[in-house]
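# Remarks on the overall topology
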Amino acid sequence: MLPSSMDFYQDNTNLKWIILVVSIFISIGSIYFTDVLVGQLKEREKNQVKLFARALEYTINEDENNILFITEEIINKNNSIPTILTSKGAIITYKNIDLDSSWSQDKKEEYLQSELEDMKKTFPPIEILLKDPQTQEVFGKQYVYYKNSFLLKQLILYPYIQIFVLAIFGFISYLAFNYSRTAEQNRVWVGLTKETAHQLGTPLSSLMAWIEVLRDDPDIRNKGIVDELDKDIRKLQVVTERFSSIGSAPVLKSENIYQLVNRVVSYIQPRVSSKINIEVYTLSETIMGMVHPPLFEWVLENLCKNAVDAMGSTGTIAIKILRGNDNKVFIDISDTGKGIPKTMIANVFKPGFTTKKRGWGLGLTLAKRIIELYHEGKIFVKSSEENSGTTFRIEIKSL
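Residues numbered from 1 in each chain as written. Predicted model: local features only at pLDDT ≥ 70, side-chain atom pairs only at ≥ 80, totals over all residues. Heavy atoms only, no water.

## Here's the deal with the overall build of the protein
A count of helical and extended segments in the protein gives nine helices and eleven strands. Looking at the protein residue by residue over its 399 residues, the buried ones come to 34%. Within the protein, residue pairs in contact and separated by at least 24 positions form 67% of the contacts whose partners lie at least 6 positions apart. Of the accessible surface of the protein, which amounts to about 24,900 Å², a share of 57% is contributed by carbon and sulfur atoms. (Helix = DSSP H or I, 4+ residues; strand = E, 2+ residues; numbered from the N terminus. Buried < 20%, exposed > 50% of the residue type's maximum accessible area, 1.4 Å probe, protein only. Contact = heavy atoms within 4.5 Å. Areas by Shrake-Rupley, 256 points an atom, 1.4 Å probe, with all protein chains shown as cover.)

Below, the structure written as C-alpha coordinates:
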(Lines give C-alpha, C1' and ligand atoms only; values in the text may rest on other atoms or scores of the structure.)
Protein backbone atom coordinates (compact mmCIF):
# COMPACT_ATOMS: atom_id res chain seq x y z
CA MET A 1 0.00 0.00 0.00
CA LEU A 2 1.26 3.49 -0.82
CA PRO A 3 2.31 5.54 2.21
CA SER A 4 -0.06 8.35 3.02
CA SER A 5 2.69 10.88 2.35
CA MET A 6 2.87 9.67 -1.25
CA ASP A 7 -0.86 9.80 -1.89
CA PHE A 8 -0.99 13.28 -3.42
CA TYR A 9 -4.71 13.09 -4.11
CA GLN A 10 -5.94 11.84 -0.77
CA ASP A 11 -8.81 13.97 0.58
CA ASN A 12 -7.64 16.56 3.04
CA THR A 13 -10.15 15.88 5.81
CA ASN A 14 -8.78 18.57 8.13
CA LEU A 15 -9.14 21.25 5.46
CA LYS A 16 -12.73 20.22 4.80
CA TRP A 17 -13.55 20.44 8.50
CA ILE A 18 -11.92 23.87 8.78
CA ILE A 19 -13.94 25.16 5.82
CA LEU A 20 -17.13 23.68 7.30
CA VAL A 21 -16.49 25.22 10.75
CA VAL A 22 -15.71 28.63 9.24
CA SER A 23 -18.86 28.48 7.11
CA ILE A 24 -20.99 27.58 10.14
CA PHE A 25 -19.35 30.36 12.18
CA ILE A 26 -20.09 32.92 9.44
CA SER A 27 -23.68 31.71 9.15
CA ILE A 28 -24.33 31.77 12.90
CA GLY A 29 -22.66 35.20 13.22
CA SER A 30 -24.75 36.58 10.36
CA ILE A 31 -27.99 35.23 11.83
CA TYR A 32 -27.13 36.51 15.32
CA PHE A 33 -26.16 40.00 14.15
CA THR A 34 -29.23 40.29 11.94
CA ASP A 35 -31.44 39.00 14.75
CA VAL A 36 -30.09 41.75 17.02
CA LEU A 37 -30.85 44.37 14.36
CA VAL A 38 -34.31 42.91 13.76
CA GLY A 39 -35.05 43.04 17.48
CA GLN A 40 -33.98 46.68 17.66
CA LEU A 41 -36.03 47.62 14.60
CA LYS A 42 -39.06 45.74 15.94
CA GLU A 43 -38.83 47.69 19.18
CA ARG A 44 -38.42 50.94 17.25
CA GLU A 45 -41.43 50.22 15.03
CA LYS A 46 -43.45 49.24 18.08
CA ASN A 47 -42.61 52.58 19.70
CA GLN A 48 -43.48 54.37 16.46
CA VAL A 49 -46.88 52.67 16.37
CA LYS A 50 -47.41 53.55 20.04
CA LEU A 51 -46.58 57.16 19.23
CA PHE A 52 -48.90 56.95 16.24
CA ALA A 53 -51.68 55.60 18.49
CA ARG A 54 -51.11 58.28 21.14
CA ALA A 55 -51.22 60.92 18.44
CA LEU A 56 -54.49 59.51 17.14
CA GLU A 57 -55.86 59.44 20.67
CA TYR A 58 -54.82 63.03 21.20
CA THR A 59 -56.33 64.24 17.93
CA ILE A 60 -59.59 62.45 18.65
CA ASN A 61 -59.91 63.89 22.14
CA GLU A 62 -58.69 67.46 21.49
CA ASP A 63 -60.16 70.32 19.49
CA GLU A 64 -58.89 70.95 15.96
CA ASN A 65 -56.83 74.06 16.81
CA ASN A 66 -54.26 72.03 18.72
CA ILE A 67 -53.79 69.04 16.46
CA LEU A 68 -52.32 70.44 13.24
CA PHE A 69 -48.71 69.77 14.27
CA ILE A 70 -49.48 66.27 15.51
CA THR A 71 -51.35 65.40 12.33
CA GLU A 72 -48.60 66.60 10.03
CA GLU A 73 -45.50 65.54 11.98
CA ILE A 74 -46.58 62.26 13.56
CA ILE A 75 -49.61 60.68 11.95
CA ASN A 76 -48.78 61.54 8.35
CA LYS A 77 -45.07 60.72 8.83
CA ASN A 78 -45.87 57.02 9.28
CA ASN A 79 -45.33 55.96 5.68
CA SER A 80 -43.81 52.50 6.14
CA ILE A 81 -45.55 50.55 8.91
CA PRO A 82 -48.88 48.97 7.85
CA THR A 83 -51.58 49.87 10.40
CA ILE A 84 -55.33 49.43 10.76
CA LEU A 85 -57.54 51.36 13.18
CA THR A 86 -60.62 49.52 14.43
CA SER A 87 -63.57 50.27 16.68
CA LYS A 88 -65.89 47.56 17.98
CA GLY A 89 -64.35 45.13 15.49
CA ALA A 90 -64.99 47.34 12.47
CA ILE A 91 -62.22 48.88 10.38
CA ILE A 92 -62.27 52.67 10.61
CA THR A 93 -59.16 53.50 8.61
CA TYR A 94 -55.90 51.99 7.45
CA LYS A 95 -52.46 53.19 6.44
CA ASN A 96 -49.58 51.85 4.28
CA ILE A 97 -51.63 49.01 2.83
CA ASP A 98 -51.67 48.87 -0.96
CA LEU A 99 -55.07 48.24 -2.52
CA ASP A 100 -55.57 47.83 -6.23
CA SER A 101 -57.74 50.64 -7.54
CA SER A 102 -59.42 48.22 -9.97
CA TRP A 103 -60.77 46.10 -7.10
CA SER A 104 -64.40 46.27 -6.11
CA GLN A 105 -65.33 47.63 -2.68
CA ASP A 106 -66.17 44.14 -1.45
CA LYS A 107 -62.80 42.80 -2.54
CA LYS A 108 -61.02 45.70 -0.84
CA GLU A 109 -62.87 45.04 2.39
CA GLU A 110 -62.10 41.34 2.16
CA TYR A 111 -58.41 42.09 1.65
CA LEU A 112 -58.35 44.51 4.60
CA GLN A 113 -60.01 41.89 6.82
CA SER A 114 -57.36 39.33 5.85
CA GLU A 115 -54.64 41.90 6.65
CA LEU A 116 -56.30 42.60 9.99
CA GLU A 117 -56.35 38.89 10.87
CA ASP A 118 -52.67 38.67 9.94
CA MET A 119 -51.88 41.67 12.18
CA LYS A 120 -53.80 40.14 15.10
CA LYS A 121 -51.57 37.06 14.87
CA THR A 122 -48.39 39.14 14.64
CA PHE A 123 -48.57 41.70 17.47
CA PRO A 124 -51.08 42.63 20.22
CA PRO A 125 -53.00 45.83 19.39
CA ILE A 126 -52.35 49.25 20.92
CA GLU A 127 -55.36 50.64 22.77
CA ILE A 128 -56.76 54.13 22.21
CA LEU A 129 -59.06 55.54 24.90
CA LEU A 130 -61.93 57.77 23.76
CA LYS A 131 -62.59 60.48 26.35
CA ASP A 132 -65.10 63.25 26.79
CA PRO A 133 -63.15 66.51 26.21
CA GLN A 134 -64.89 68.20 29.13
CA THR A 135 -65.03 65.53 31.82
CA GLN A 136 -62.19 63.26 30.51
CA GLU A 137 -64.51 60.33 31.10
CA VAL A 138 -63.72 57.28 28.94
CA PHE A 139 -66.70 56.37 26.80
CA GLY A 140 -65.11 53.98 24.31
CA LYS A 141 -62.01 52.30 22.92
CA GLN A 142 -60.32 51.93 19.55
CA TYR A 143 -57.45 49.65 18.62
CA VAL A 144 -54.44 50.09 16.36
CA TYR A 145 -53.21 46.88 14.76
CA TYR A 146 -49.91 46.72 12.89
CA LYS A 147 -47.30 44.37 11.42
CA ASN A 148 -43.68 44.54 10.32
CA SER A 149 -42.75 47.00 7.62
CA PHE A 150 -41.48 45.80 4.27
CA LEU A 151 -37.94 46.87 5.23
CA LEU A 152 -38.05 44.80 8.41
CA LYS A 153 -39.35 41.78 6.51
CA GLN A 154 -36.44 42.08 4.12
CA LEU A 155 -34.01 42.27 7.00
CA ILE A 156 -35.51 39.14 8.61
CA LEU A 157 -35.03 37.23 5.35
CA TYR A 158 -31.56 38.63 4.71
CA PRO A 159 -29.48 36.09 6.74
CA TYR A 160 -31.25 33.17 5.09
CA ILE A 161 -30.67 34.67 1.66
CA GLN A 162 -27.05 35.22 2.66
CA ILE A 163 -26.71 31.59 3.78
CA PHE A 164 -28.28 30.45 0.51
CA VAL A 165 -25.82 32.57 -1.47
CA LEU A 166 -22.92 31.25 0.63
CA ALA A 167 -24.14 27.70 0.02
CA ILE A 168 -24.26 28.28 -3.74
CA PHE A 169 -20.81 29.87 -3.64
CA GLY A 170 -19.47 26.96 -1.59
CA PHE A 171 -21.02 24.45 -3.96
CA ILE A 172 -19.55 26.20 -7.00
CA SER A 173 -16.17 26.39 -5.26
CA TYR A 174 -16.38 22.70 -4.42
CA LEU A 175 -17.19 21.85 -8.06
CA ALA A 176 -14.36 24.07 -9.27
CA PHE A 177 -11.92 22.49 -6.81
CA ASN A 178 -13.00 18.99 -7.81
CA TYR A 179 -12.78 19.86 -11.50
CA SER A 180 -9.30 21.30 -11.02
CA ARG A 181 -8.26 18.29 -8.98
CA THR A 182 -9.69 15.88 -11.56
CA ALA A 183 -8.03 17.78 -14.40
CA GLU A 184 -4.69 17.62 -12.58
CA GLN A 185 -5.14 13.90 -12.00
CA ASN A 186 -5.95 13.43 -15.68
CA ARG A 187 -2.79 15.24 -16.67
CA VAL A 188 -0.76 13.06 -14.31
CA TRP A 189 -2.37 9.86 -15.61
CA VAL A 190 -1.93 10.84 -19.24
CA GLY A 191 1.64 12.01 -18.72
CA LEU A 192 2.52 8.85 -16.82
CA THR A 193 1.04 6.48 -19.37
CA LYS A 194 2.43 8.34 -22.40
CA GLU A 195 5.89 8.39 -20.88
CA THR A 196 5.64 4.68 -20.00
CA ALA A 197 4.67 3.86 -23.59
CA HIS A 198 7.56 5.96 -24.84
CA GLN A 199 10.03 4.27 -22.52
CA LEU A 200 8.82 0.80 -23.55
CA GLY A 201 9.32 1.61 -27.24
CA THR A 202 13.12 1.59 -27.20
CA PRO A 203 13.72 -1.81 -25.50
CA LEU A 204 10.90 -3.33 -27.58
CA SER A 205 12.63 -2.34 -30.79
CA SER A 206 15.87 -3.82 -29.47
CA LEU A 207 14.18 -7.07 -28.41
CA MET A 208 12.56 -7.45 -31.81
CA ALA A 209 15.98 -7.13 -33.43
CA TRP A 210 17.43 -9.73 -31.07
CA ILE A 211 14.56 -12.09 -31.91
CA GLU A 212 15.57 -11.96 -35.56
CA VAL A 213 19.17 -12.71 -34.58
CA LEU A 214 18.05 -15.72 -32.54
CA ARG A 215 15.92 -17.01 -35.40
CA ASP A 216 19.09 -17.32 -37.48
CA ASP A 217 20.82 -19.44 -34.82
CA PRO A 218 20.15 -23.11 -35.67
CA ASP A 219 20.87 -24.24 -32.10
CA ILE A 220 18.06 -22.09 -30.70
CA ARG A 221 15.62 -21.81 -33.60
CA ASN A 222 14.06 -25.27 -33.20
CA LYS A 223 13.71 -25.29 -29.41
CA GLY A 224 10.59 -23.10 -29.22
CA ILE A 225 12.38 -20.44 -27.24
CA VAL A 226 12.10 -17.86 -29.97
CA ASP A 227 8.34 -18.46 -30.32
CA GLU A 228 7.76 -17.91 -26.60
CA LEU A 229 9.88 -14.77 -26.64
CA ASP A 230 7.93 -13.57 -29.65
CA LYS A 231 4.64 -14.04 -27.73
CA ASP A 232 5.97 -11.96 -24.84
CA ILE A 233 7.14 -9.24 -27.21
CA ARG A 234 3.71 -9.12 -28.83
CA LYS A 235 2.24 -8.85 -25.37
CA LEU A 236 4.54 -5.94 -24.56
CA GLN A 237 3.42 -4.31 -27.79
CA VAL A 238 -0.20 -4.65 -26.63
CA VAL A 239 0.73 -3.14 -23.26
CA THR A 240 2.46 -0.25 -25.02
CA GLU A 241 -0.64 0.29 -27.15
CA ARG A 242 -2.78 0.33 -24.02
CA PHE A 243 -0.63 2.96 -22.37
CA SER A 244 -0.68 5.02 -25.56
CA SER A 245 -4.49 4.85 -25.62
CA ILE A 246 -4.78 6.49 -22.18
CA GLY A 247 -5.49 10.16 -22.70
CA SER A 248 -6.62 9.75 -26.30
CA ALA A 249 -10.23 9.51 -27.39
CA PRO A 250 -10.70 5.75 -27.90
CA VAL A 251 -12.78 4.51 -30.81
CA LEU A 252 -15.38 2.06 -29.53
CA LYS A 253 -16.53 -0.69 -31.81
CA SER A 254 -18.86 -3.64 -31.54
CA GLU A 255 -16.99 -6.72 -30.34
CA ASN A 256 -17.99 -10.27 -29.45
CA ILE A 257 -17.57 -10.15 -25.67
CA TYR A 258 -17.42 -13.95 -25.33
CA GLN A 259 -14.51 -14.18 -27.76
CA LEU A 260 -12.75 -11.21 -26.19
CA VAL A 261 -13.04 -12.72 -22.69
CA ASN A 262 -11.75 -16.08 -23.91
CA ARG A 263 -8.79 -14.35 -25.52
CA VAL A 264 -7.86 -12.85 -22.15
CA VAL A 265 -8.41 -16.16 -20.36
CA SER A 266 -6.23 -18.04 -22.84
CA TYR A 267 -3.42 -15.61 -22.11
CA ILE A 268 -3.76 -15.65 -18.31
CA GLN A 269 -4.46 -19.37 -17.70
CA PRO A 270 -0.96 -20.67 -18.66
CA ARG A 271 0.66 -17.97 -16.54
CA VAL A 272 -1.00 -18.81 -13.23
CA SER A 273 -0.91 -21.82 -10.95
CA SER A 274 -2.28 -25.04 -12.45
CA LYS A 275 -4.52 -25.27 -9.38
CA ILE A 276 -6.34 -22.10 -10.39
CA ASN A 277 -9.15 -22.71 -12.83
CA ILE A 278 -10.72 -19.93 -14.92
CA GLU A 279 -14.23 -20.68 -16.20
CA VAL A 280 -16.38 -18.67 -18.62
CA TYR A 281 -20.18 -18.91 -18.59
CA THR A 282 -22.71 -17.39 -20.98
CA LEU A 283 -26.16 -18.15 -22.35
CA SER A 284 -25.11 -16.87 -25.75
CA GLU A 285 -21.75 -16.81 -27.49
CA THR A 286 -22.83 -13.89 -29.70
CA ILE A 287 -23.29 -11.14 -27.11
CA MET A 288 -21.88 -7.93 -28.59
CA GLY A 289 -20.64 -4.89 -26.70
CA MET A 290 -19.18 -1.50 -27.57
CA VAL A 291 -15.56 -1.59 -26.40
CA HIS A 292 -12.03 -0.50 -27.15
CA PRO A 293 -10.43 -3.99 -27.22
CA PRO A 294 -6.89 -3.20 -25.94
CA LEU A 295 -8.18 -1.14 -23.00
CA PHE A 296 -11.08 -3.45 -22.19
CA GLU A 297 -8.79 -6.51 -22.19
CA TRP A 298 -6.54 -4.59 -19.81
CA VAL A 299 -9.45 -4.20 -17.37
CA LEU A 300 -10.27 -7.91 -17.55
CA GLU A 301 -6.62 -8.85 -16.98
CA ASN A 302 -6.40 -6.54 -13.96
CA LEU A 303 -9.51 -8.04 -12.40
CA CYS A 304 -8.34 -11.60 -13.07
CA LYS A 305 -4.87 -10.89 -11.65
CA ASN A 306 -6.43 -9.35 -8.55
CA ALA A 307 -8.60 -12.46 -8.20
CA VAL A 308 -5.49 -14.67 -8.47
CA ASP A 309 -3.73 -12.62 -5.79
CA ALA A 310 -6.79 -12.89 -3.53
CA MET A 311 -6.89 -16.70 -3.87
CA GLY A 312 -3.21 -17.50 -3.65
CA SER A 313 -2.28 -20.73 -5.45
CA THR A 314 -5.67 -22.49 -5.41
CA GLY A 315 -9.17 -21.47 -6.42
CA THR A 316 -11.64 -20.74 -9.20
CA ILE A 317 -12.34 -17.61 -11.20
CA ALA A 318 -15.82 -17.60 -12.75
CA ILE A 319 -16.57 -15.09 -15.52
CA LYS A 320 -20.25 -14.73 -16.43
CA ILE A 321 -21.39 -12.80 -19.51
CA LEU A 322 -25.02 -11.64 -19.39
CA ARG A 323 -27.24 -9.63 -21.67
CA GLY A 324 -29.06 -6.97 -19.62
CA ASN A 325 -31.92 -4.55 -20.19
CA ASP A 326 -31.59 -1.19 -21.94
CA ASN A 327 -28.92 -2.45 -24.34
CA LYS A 328 -26.42 -3.32 -21.64
CA VAL A 329 -23.94 -6.15 -21.22
CA PHE A 330 -22.90 -7.40 -17.77
CA ILE A 331 -19.61 -9.18 -17.07
CA ASP A 332 -19.35 -10.64 -13.57
CA ILE A 333 -15.89 -11.76 -12.41
CA SER A 334 -16.00 -13.87 -9.25
CA ASP A 335 -13.24 -15.49 -7.25
CA THR A 336 -13.06 -17.83 -4.27
CA GLY A 337 -10.50 -15.73 -2.45
CA LYS A 338 -10.34 -14.05 0.94
CA GLY A 339 -12.90 -11.35 0.10
CA ILE A 340 -12.90 -7.67 0.94
CA PRO A 341 -13.90 -6.36 4.38
CA LYS A 342 -17.07 -4.27 4.15
CA THR A 343 -15.25 -1.27 5.62
CA MET A 344 -12.81 -1.31 2.69
CA ILE A 345 -15.22 -1.83 -0.24
CA ALA A 346 -15.74 1.92 -0.70
CA ASN A 347 -11.97 2.43 -1.08
CA VAL A 348 -11.02 -0.33 -3.53
CA PHE A 349 -11.00 1.99 -6.56
CA LYS A 350 -9.05 4.79 -4.89
CA PRO A 351 -5.44 5.38 -6.01
CA GLY A 352 -2.94 3.78 -3.66
CA PHE A 353 -5.38 1.32 -2.09
CA THR A 354 -4.07 -2.24 -1.97
CA THR A 355 -4.16 -5.17 0.44
CA LYS A 356 -0.97 -6.65 -0.99
CA LYS A 357 2.47 -6.20 0.54
CA ARG A 358 3.76 -5.16 -2.86
CA GLY A 359 2.07 -3.04 -5.45
CA TRP A 360 1.14 0.54 -6.17
CA GLY A 361 -2.62 0.10 -5.86
CA LEU A 362 -3.35 1.53 -9.31
CA GLY A 363 -4.84 -1.49 -11.14
CA LEU A 364 -8.44 -1.03 -10.03
CA THR A 365 -8.15 2.74 -10.33
CA LEU A 366 -7.11 2.37 -13.96
CA ALA A 367 -9.89 -0.16 -14.52
CA LYS A 368 -12.48 2.26 -13.18
CA ARG A 369 -11.18 5.11 -15.32
CA ILE A 370 -11.14 2.95 -18.45
CA ILE A 371 -14.69 1.66 -17.96
CA GLU A 372 -16.32 4.88 -16.78
CA LEU A 373 -14.33 7.51 -18.68
CA TYR A 374 -13.67 5.73 -21.99
CA HIS A 375 -16.54 3.24 -22.20
CA GLU A 376 -19.19 5.29 -20.35
CA GLY A 377 -19.99 2.19 -18.32
CA LYS A 378 -19.83 1.13 -14.69
CA ILE A 379 -17.60 -1.09 -12.59
CA PHE A 380 -18.29 -1.90 -8.95
CA VAL A 381 -18.09 -4.56 -6.26
CA LYS A 382 -21.29 -6.51 -6.71
CA SER A 383 -20.74 -8.65 -3.61
CA SER A 384 -17.99 -9.72 -1.27
CA GLU A 385 -17.82 -12.06 1.71
CA GLU A 386 -14.74 -12.48 3.83
CA ASN A 387 -13.12 -15.89 3.28
CA SER A 388 -15.71 -16.67 0.59
CA GLY A 389 -14.82 -14.48 -2.38
CA THR A 390 -15.60 -11.31 -4.30
CA THR A 391 -17.61 -10.50 -7.42
CA PHE A 392 -16.88 -7.46 -9.56
CA ARG A 393 -19.44 -6.37 -12.14
CA ILE A 394 -18.73 -4.48 -15.34
CA GLU A 395 -21.57 -2.78 -17.23
CA ILE A 396 -21.04 -1.65 -20.83
CA LYS A 397 -23.25 -0.62 -23.71
CA SER A 398 -24.42 -3.07 -26.31
CA LEU A 399 -25.59 -2.29 -29.84
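## Comments concerning the side chain of Thr 86
Position of Thr 86 among the secondary structure elements: in strand β1 (residues 83-87). Overall, Thr 86 belongs to the buried group, its relative accessible area being 3%. In this structure, Thr 86 is in contact with Ile 91, Ile 92, Leu 116, Gln 142, Tyr 143 and Tyr 145, ignoring residues within four places of it in sequence.

## Quick look at helix α8 (residues 293-311)
With 19 residues, α8 extends 27 Å between its outermost C-alpha atoms, agreeing within 8% with the 27 Å of an ideal straight helix rising 1.5 Å per residue. With 15 of 19 residues buried, α8 is to be regarded as a mostly interior element. One or two residues past the end of α8 sits Gly 312, with phi positive at roughly 85 degrees. (Expected span 1.5 Å × (residues − 1).)

## Points about the side chain of Asn 256
Residue placement: Asn 256 occurs in strand β5 (residues 253-256). Owing to a relative accessible area of 12%, Asn 256 belongs among the buried residues under this scheme. At 3.0 Å, the side chain of Asn 256 and the backbone nitrogen of Gln 259 are in polar contact. Polar contacts involving the side chain of Asn 256 include one to the main-chain carbonyl oxygen of Glu 285, which spans 2.9 Å. The residues touching Asn 256, leaving out its near neighbours within four places in the chain, are Glu 285, Thr 286, Ile 287 and Met 288. (Polar contact = N/O pair within 3.5 Å; in protein donor to acceptor, adjacent residues only side chain to side chain.)

## A few points about the packing of α8 against helix α9 (residues 363-374)
Between α8 and α9, the least distance of the axes is 9 Å, while the angle of their chain directions is 145 degrees. Regarding α8 and α9, the two cross each other, and that crossing is left-handed. Every residue of α9 that contacts α8 at Leu 295, Phe 296, Trp 298, Val 299, Asn 302, Leu 303 and Asn 306 is listed here: Gly 363, Leu 364, Leu 366, Ala 367, Ile 370, Ile 371 and Tyr 374. Among the residues making up the contact of α8 with α9, the classes are represented as eleven nonpolar, three polar and no charged. (Axes fitted to C-alpha atoms, helices over the stretch in contact; angles between N-to-C directions. Left-handed = near helix turned anticlockwise from the far one by under 90°. Nonpolar A, V, L, I, M, F, W, Y, C, P; charged D, E, K, R; others polar.)

## Observations concerning the confidence of the model for the protein
For the protein, the average pLDDT comes to 78, and 78% of its residues sit at 70 or higher. Note that residues 1-10 has pLDDT below 50 and, in this model, 13 contacts with residues that lie over four places away or in other chains. (pLDDT = per-residue confidence, 0-100.)

## Describing a nonpolar patch on the surface
A contiguous nonpolar patch, built from Leu 157, Ile 161, Phe 164, Val 165, Ile 168, Phe 171, Ile 172, Tyr 174 and Leu 175 and spanning about 900 Å² of accessible area, is present on the exposed surface. Along the chain, Leu 157 turns up in helix α4 (residues 150-215). (Patch = residues over 30% accessible without salt bridge, like charges linked within 9 Å, V, L, I, M, F, W, Y side chains within 5 Å. Salt bridge = Lys/Arg side-chain N within 4 Å of Asp/Glu carboxyl O.)

## A closer look at the sheet that holds strand β2 (residues 90-95)
What the four strands build is an open sheet, ordered β2-β1-β4-β3; its pairing is antiparallel. The open sheet has two edge strands with one neighbour each: β2 and β3 (126-131). Each strand of the sheet is rotated relative to its neighbour by a mean of 25 degrees, with strand direction disregarded. The sheet contact formed by β1 and strand β4 (residues 138-146) spans four bridges and is antiparallel. Residue pairing in the sheet places Ile 84 in a bridge with Tyr 145 of β4. Running over the sheet, helix α3 (residues 105-122) touches β1, β2 and β4 and is turned about 95 degrees from β1. (Pairing = 2+ DSSP bridges.)

## What to know about the pairing of strand β7 (residues 288-291)
Here β7 shows a buried face lined by Gly 289 and Val 291 and an unburied face lined by Met 288 and Met 290. Of the pairings in the sheet, the one linking β5 to β7 comprises four bridges and is antiparallel in character. Considered in β7, the bridge of Ser 254 is made with Met 290.

## Quick look at the pairing of strand β9 (residues 328-335)
With seven of its eight residues buried, β9 lies for the most part within the structure. Hairpin geometry of strand β8 (residues 315-324) and β9 is characterised by an intervening segment of three residues between the two adjacent antiparallel strands and by a positive phi of about 55 degrees at Asp 326. Direction of pairing for β9 relative to strand β11 (residues 389-397): antiparallel, over a ladder of seven bridges. Pairing of Ile 333 across the sheet is with Phe 392, part of β11.

## Overview of the pattern of salt bridges
Summed over all chains, the structure comprises eleven salt bridges. Lys 120 is the salt-bridge partner of Glu 117, the closest N and O atoms lying 3.8 Å from each other. On the criterion of helical spacing, the pair formed by Glu 117 and Lys 120 is a turn pair, its members being three residues apart in helix α3. Take Lys 120: its relative accessible area is 41%, and that puts it in the partly exposed class. Of the charged contacts in the structure, one is a salt bridge between Glu 376 and Lys 397, with a shortest N-O distance of 2.9 Å. Taken together, the positions of Glu 376 in the loop between α9 and β10 (378-385) and Lys 397 in strand β11 put the pair 21 residues apart, joining distant regions of the chain. Judged by relative accessible area, which is 57%, Glu 376 ranks as exposed.

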